[in-house]
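# Working through the structure, step by step
Here are the chains, one letter per residue:
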Amino acid sequence: MELDQNIFSYFFKFTKKRQENLLNKKKELLNSVELKDVKESLVIFASAVFDLPIEIRETPDFPYKSGNKLFLPPFLAVASSHCDNHVSYQLLVLHLFAIFKSTKPLPKPMSLLD
């Protein structure tokens, strides 16, 4: 490798490691909850809410539902306490359920004359 490639490689690795360290510090300070820590309880909760077996996976993007899979962020730090952040995951599951129910077509059109 040439000198400029070595410098770029070192700089890239250094900045990536620094960003990871800052993110870990931020997670600790904000009492964040990681998905891997609450995944099992969320699977049970989501399966009960959706009334079908649900699989939960991580996504760096916005949360969404695809088939029987829920894609959720890898961690949440929206509240000031660890417990409230855990409840935020449950609210996110309920939000996805509401979107799922509102986009599902009605089984039979309702008559306005009845």
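In this text the structure is predicted, and so the values were computed from the model without any measurement. (Residues numbered from 1 in each chain as written. Predicted model: local features only at pLDDT ≥ 70, side-chain atom pairs only at ≥ 80, totals over all residues. Heavy atoms only, no water.)

### Describing the packing of aromatic side chains
To keep it simple, the criterion reads: For this analysis, a ring pair means two rings from Phe, Tyr or Trp (six-membered ring only for Trp) whose centres lie within 6.5 Å, classed as stacked if their planes differ by under 30 degrees, edge-to-face if by over 60, and tilted for the remaining angles. Note on conventions: DSSP H or I runs of at least 4 residues are helices, E runs of at least 2 residues are strands, and numbering of each starts at the N terminus.
Considering all chains together, one arrives at three aromatic pairs under this definition. On the basis of an interplanar angle of 90 degrees and a centroid distance of 5.1 Å, the ring pair of Phe 50 and Phe 97 is categorised as edge-to-face. One end of the pair, Phe 50, is in helix 2 (residues 35–50); the other, Phe 97, is in helix 3 (residues 82–103), with 47 residues separating them in the sequence. Residues Phe 50 and Phe 100 carry aromatic rings whose centres are separated by 5.6 Å and whose planes lie at 55 degrees to one another, so their mutual orientation is tilted.

### A closer look at the pattern of salt bridges
In plain terms, the rule: Between Lys or Arg on one side and Asp or Glu on the other, a salt bridge is scored when a side-chain nitrogen of the former is within 4 Å of a carboxyl oxygen of the latter.
By the definition in use, this model includes two salt bridges. A salt bridge links Arg 57 to Glu 55; the shortest N-O distance between them is 2.8 Å.

### Looking at unusual backbone geometry
Note the following rule: Burial status follows relative accessibility: with a 1.4 Å probe on protein chains alone, a residue under 20% of its type maximum counts as buried, one over 50% as exposed, and anything between as partly exposed.
Although it is not a glycine, Asp 51 sits at a positive phi angle of roughly 60 degrees. With respect to the element layout, Asp 51 can be found in the loop between helix 2 and strand 2 (55–58). For Asp 51, a relative accessible area of 69% gives the class exposed.

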